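Given next are the chains, with one letter for each unit.
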Amino acid sequence: MLALELLAEQRIAEALARGEFDDLPGAGRPLELDDDPLVPEELRVAWRILKNAGFVPPEVEARRDIAALERVVLAQVGGDADARAKAVKKLALLRTHVERGYFERIVRRLGG
């Protein structure tokens, strides 16, 4: 396999020297990589399938739920400053709880 890789690299280098890659679409722009480098390689295909099907990780779903809850709660309390301050504090506590759980899972996954 090494000989095949060397041959491929040589052909690519020759094509580069001839300028065959100069007019490719997207030249000079950063690549749009969908793969999350923190997702283990053996899980990336499964994550992409789930993502394309509209599924998201539980943490993302929790954040969406919190954002929706914030909109509803803050709309309900309206102009009452005390009720609004209390609601904001409770929502901040909920957000912190979700983010702390996510952070702890990431640390465990990374072996910390």
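Everything below is about the structure shown above.
Below is a short write-up of the structure. (Residues numbered from 1 in each chain as written. Predicted model: local features only at pLDDT ≥ 70, side-chain atom pairs only at ≥ 80, totals over all residues. Heavy atoms only, no water.)

## With respect to helix α3 (residues 58-77)
Here is step 1 of the chain: Here α3 contains 20 residues, and its C-alpha end-to-end distance of 28 Å stays within 8% of the 28 Å for a straight helix at 1.5 Å per residue.
Here is step 2 of the chain: Among the residues of α3, Glu59, Ile66 and Glu70 are the ones counted as buried. Summarising the axial view, the buried residues of α3 lie within an arc of 45°, below the 170-degree limit, and thus occupy one face. α3 presents Pro58, Arg71, Ala75 and Gln76 as exposed residues on the side facing more than 90 degrees away from its buried surface.
Here is step 3 of the chain: Note on α3: the residue one or two positions beyond its end, Gly78, has a positive phi of about 55°. (Helix = DSSP H or I, 4+ residues; strand = E, 2+ residues; numbered from the N terminus. Expected span 1.5 Å × (residues − 1). Buried < 20%, exposed > 50% of the residue type's maximum accessible area, 1.4 Å probe, protein only. Arc of directions from axis to C-beta.)

## Some thoughts on a nonpolar patch on the surface
Here is step 1 of the chain: Taken together, the side chains of Ile12, Leu16, Phe21 and Leu24 define a hydrophobic patch exposed on the protein surface, amounting to about 350 Å² of accessible area.
Here is step 2 of the chain: Tracing the chain through its elements places Ile12 in helix α1 (residues 2-18).
Here is step 3 of the chain: Look at Ile12 and you get partly exposed, because its relative accessible area is 40%. (Patch = residues over 30% accessible without salt bridge, like charges linked within 9 Å, V, L, I, M, F, W, Y side chains within 5 Å. Areas by Shrake-Rupley, 256 points an atom, 1.4 Å probe, with all protein chains shown as cover. Salt bridge = Lys/Arg side-chain N within 4 Å of Asp/Glu carboxyl O.)

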